[in-house]
Number of protein chains: 2
Amino acid sequence: MKHSVVVVDDHNLLSQAIGELVNSFDEFHVLYTCKNGQELLDKLQNPANIPNIVLMDVNMPILNGIETTEHLYQNFPQVKVLALSIEEDEKVILKMLRSGAKGYLMKDVKKTELHNALLEVMEKGFYHTNTVTKVLVDSLSHNDGDVVTLKDREIEFIKLACTEMTYREIADKMFLSPKTIEGYRNALFEKLNLRNRTGLVIYAIKNKIFTP
Amino acid sequence: MKHSVVVVDDHNLLSQAIGELVNSFDEFHVLYTCKNGQELLDKLQNPANIPNIVLMDVNMPILNGIETTEHLYQNFPQVKVLALSIEEDEKVILKMLRSGAKGYLMKDVKKTELHNALLEVMEKGFYHTNTVTKVLVDSLSHNDGDVVTLKDREIEFIKLACTEMTYREIADKMFLSPKTIEGYRNALFEKLNLRNRTGLVIYAIKNKIFTP
DNA sequence: GTCTGGCAGGGGAAAAACCCTGTGGGCCAA
DNA sequence: TTGGCCCACAGGGTTTTTCCCCTGCCAGAC
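From a predicted model like this one, the values you see are computed outputs, not experimental measurements.

> Explain the protein's contact with DNA strand D to me, and be specific about the residues and the numbers.
Within the structure, DNA strand D sits among 15 residues, and A:Lys179, A:Thr180, A:Tyr184, B:Tyr167 and B:Glu182 are positioned closest to it. Measuring from a base oxygen of DNA strand D, one finds a side-chain N or O atom of A:Lys179 at 2.5 Å. When residues of the surface near DNA strand D are traced back to their parent elements, those giving at least two are α9 (178–192) of chain A together with α9 (178–192) of chain B. Among the elements that take part in the surface near DNA strand D, α9(B) stands out by supplying four residues, more than any other. Residues belonging to the surface near DNA strand D are distributed by class as follows: four nonpolar, four polar and seven charged.

Structure below.
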């Protein structure tokens, strides 16, 4: 009997196209496709809808790949999740794996590699490309002790610093003295290792505190 | 005889999956797939490789969808380009259409809509979804006269302004006087309607001059 | 010739960046 | 209870950078 696969991706065309691809493999067939995590969880209420493998996009609206994977790991541990993403961001990869994904595929993998991944996941329980393995190894040596945590008020400030407002205007908006704002700024420069406001803006965007 | 289609997308899996989808339509077959615009142009040197339709991703490395479409429009006008993208940005859509694309599909279209689009492009020569039509109509009322064009040297400056360098350091790097750099900055502030460097950084990122 | 555009400078006001000090409230432990 | 400590907040004062206005040179285009 063929192994069942569910594709979760918010882009209709992609989920269908990937589904088509999966169906072309002898050992697998697509049970159904979903547009987001919520839709998948709804479907899984019916035991007949529980697949062997979920091919999950990371970036989705409503319920994203990470949250959904976490939920699956808690409630349907028998389901193997393979993450599928264009993201090469270390943090995202690690988050997915921590959430319980059995593998992480870049969207530019070849058809044969997808086939391989599906086979290996069913057989060994996991599949990791070289890229992902490297990220994992790096994350060990990488001094991950300096996980900077920002306070709510600091984040609020950063967002305002990403506009054309002067610090004086930001101070007014936050009902604080300009001097206090300087304090926030200096603290952030210190702990994020930045030289000036431009650095702060780039940091904010990189870390999705502010989205242009 | 079936109409020939070429898929251009930097993500291997996606191009193959979409190819699979196209092959499932009776009236079409995939000639080959490419990873970027350059690869396509290379292929087209051989007349046997000229397809009826190109399904082109907009975001690609090396030679992007817009430039490639422009080139095709100049040199292979008989080839119909259908843009395929997750981007819903008005500007991008307009750019693609101005470059000569015959249609613009969001990547979340359904299989049947892709089929429709392919059929219509072969028959009528174009295919536009409601979204795209709306953008076109909007672009008429929208004052699109202020299409700001930036010079090469200005773009070079903007990129450096998106770092933590001071203007003096930027001047050194560009082998110019700090005063000249001020000139660039002031000209940009003026024509982009900005107040300060932070505004410039946000502008650069929004318009993909600089990617964090 | 004139005109435009890239380049460069002087001078000055404003903002940003970097010092160091101080207050008052909450919290914890002697 | 009290003294010590941390922390958000705020002020004084100074240097550096940014921002703005106005002028001038020179080469290449018209």
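> Which residues make up the interface of chain B and chain A, and what are the values?
Taken together, the contacts link 39 residues of chain B with 39 residues of chain A. The interface formed by chain B and chain A contains four salt bridges. Linking A:Arg195 and B:Glu169 is a salt bridge whose minimum nitrogen-to-oxygen distance equals 3.2 Å. At the boundary of chain B with chain A, the tally comes to twelve residue pairs in polar contact (both at pLDDT 80 or more). Those elements giving two or more residues to the side of chain B that touches chain A turn out to be α1 (12–23), α5 (111–124) and α10 (197–206) of chain B. The leading source of residues in the side of chain B that touches chain A is α1(B), at eight residues. For the side of chain B that touches chain A, the per-class residue count stands at 18 nonpolar, ten polar and eleven charged.

> Lay out the pattern of salt bridges with the relevant residues and their values.
All names here are of chain A. Enumeration over the complete set of coordinates arrives at 14 salt bridges over all chains. Close ionic contact of Lys179 with Glu182 constitutes a salt bridge, the shortest N to O distance being 3.5 Å. Linking Lys179 with Glu182, this pair stays in helix α9, spanning three residues, or about one helical turn. Classification of Glu182 by relative accessible area gives partly exposed; the value is 28%. Here the salt bridges do not stand alone but share partners, grouping Lys179, Glu182 and Arg185 into one network.

> Give me the lowdown on the protein's contact with DNA strand C, citing residues and values where you can.
Residues in contact with DNA strand C amount to 14 residues; listed here are only the nearest, A:Tyr167, B:Ser177, B:Lys179, B:Thr180 and B:Tyr184. Between a phosphate oxygen of DNA strand C and a side-chain N or O atom of B:Ser177, the distance comes to 2.7 Å. The contact in question runs from a phosphate oxygen of DNA strand C to an N or O atom on the side chain of B:Thr180, over 2.6 Å. Only α9 of chain A together with α9 of chain B provide two or more residues apiece to the surface near DNA strand C. Its residues assigned to classes, the surface near DNA strand C comprises four nonpolar, four polar and six charged.

> How would you sum up the sheet that holds strand β2 (residues 28–34) of chain B? Please name residues and give values.
Residues and elements named next belong to chain B. Spatially, five strands are ordered β2-β1-β3-β4-β5 in an open sheet, and the strand pairing comes out parallel. Two strands lie at the open edges of the sheet, namely β2 and β5 (103–106), each paired on one side alone. Going from strand to strand, the sheet's axes swing by 25° on average, the running direction of each strand aside. Strand direction decides the pairing type here: strand β3 (residues 53–57) and strand β4 (residues 80–85), joined by five bridges, are parallel.

> Describe the pairing of β3(B), naming the residues involved and giving the relevant values.
Residue and element names in this part refer to chain B. By the criterion of burial, β3 is predominantly enclosed, with five of the five residues buried. By the alternation rule, side chains of β3 split into Ile53, Leu55 and Asp57 and Val54 and Met56, which are all buried. In this sheet, β3 lies alongside strand β1 (residues 3–8) in parallel orientation, the contact comprising four bridges. Across the sheet, residue Val6 finds its bridge partner in β3, namely Val54.

> Would you mind going over the relation of the copies chain B and chain A in detail, with residue names and values included?
Once chain B is rotated about the relating axis by 179° and shifted along it by 0.0 Å, it coincides with chain A to within an RMSD of 2.1 Å. Such a combination of turn and shift is consistent with a two-fold rotation axis. Nearest to the rotation axis, the C-alpha of B:Ala17 is located 2.5 Å from it, this being the minimum over chain B. Counting the interface residues of chain B, we find that 100% of their copies in chain A are interface residues as well, pointing to one common contact surface.

> How would you explain the packing of helix α10 (residues 197–206) of chain A against α10(B) if you had to name every residue and give the values?
With their axes 9 Å apart at the nearest point, α10(A) and α10(B) run at an angle of 30° to one another. By the criterion of interaxial angle, the relationship of α10(A) to α10(B) is roughly parallel. For α10(A) against α10(B), the interelement crossing comes out right-handed. On α10(B), the residues touching A:Arg197, A:Thr198, A:Val201, A:Ile202 and A:Ile205 of α10(A) are B:Arg197, B:Thr198, B:Val201, B:Ile202 and B:Ile205. Taken together, the residues of the contact of α10(A) with α10(B) break down into six nonpolar, two polar and two charged.

> For the nonpolar core, give the residues involved together with the corresponding values.
In terms of nonpolar packing, the biggest core is built from 49 residues, with A:Phe157, A:Ile158, A:Leu200, B:Phe157, B:Ile158, B:Ile170 and B:Leu200 touching the most fellow members. Mapped onto this core, the elements with two or more residues apiece are α7 (152–161), α8 (167–173), α9 and α10 of chain A together with α7 (152–161), α8 (167–173), α9 and α10 of chain B. Once residues within four sequence positions are removed from consideration, B:Leu200 is found in contact with B:Phe157, B:Ile158, B:Ala161, B:Leu188, B:Phe189, B:Leu192 and B:Leu194. In this structure, A:Leu55, A:Val121, B:Leu84 and B:Leu114 belong to the second largest nonpolar core, which totals 44 residues.

The rules behind the values
- Residues numbered from 1 in each chain as written.
- Chains lettered and ligands numbered in written order.
- Predicted model: local features only at pLDDT ≥ 70, side-chain atom pairs only at ≥ 80, totals over all residues.
- Heavy atoms only, no water.
- Near = heavy atom within 4 Å.
- Polar contact = N/O pair within 3.5 Å; in protein donor to acceptor, adjacent residues only side chain to side chain.
- Helix = DSSP H or I, 4+ residues; strand = E, 2+ residues; numbered from the N terminus.
- Nonpolar A, V, L, I, M, F, W, Y, C, P; charged D, E, K, R; others polar.
- Contact = heavy atoms within 4.5 Å.
- Salt bridge = Lys/Arg side-chain N within 4 Å of Asp/Glu carboxyl O.
- Buried < 20%, exposed > 50% of the residue type's maximum accessible area, 1.4 Å probe, protein only.
- Pairing = 2+ DSSP bridges.
- Axes fitted to C-alpha atoms, helices over the stretch in contact; angles between N-to-C directions.
- Least-squares fit on C-alpha atoms with pLDDT ≥ 70 in both.
- Parallel < 35°, antiparallel > 145°, perpendicular 65-115°, else oblique.
- Left-handed = near helix turned anticlockwise from the far one by under 90°.
- Core = buried A, V, L, I, M, F, W, Y, C linked by side-chain atoms within 4.5 Å.

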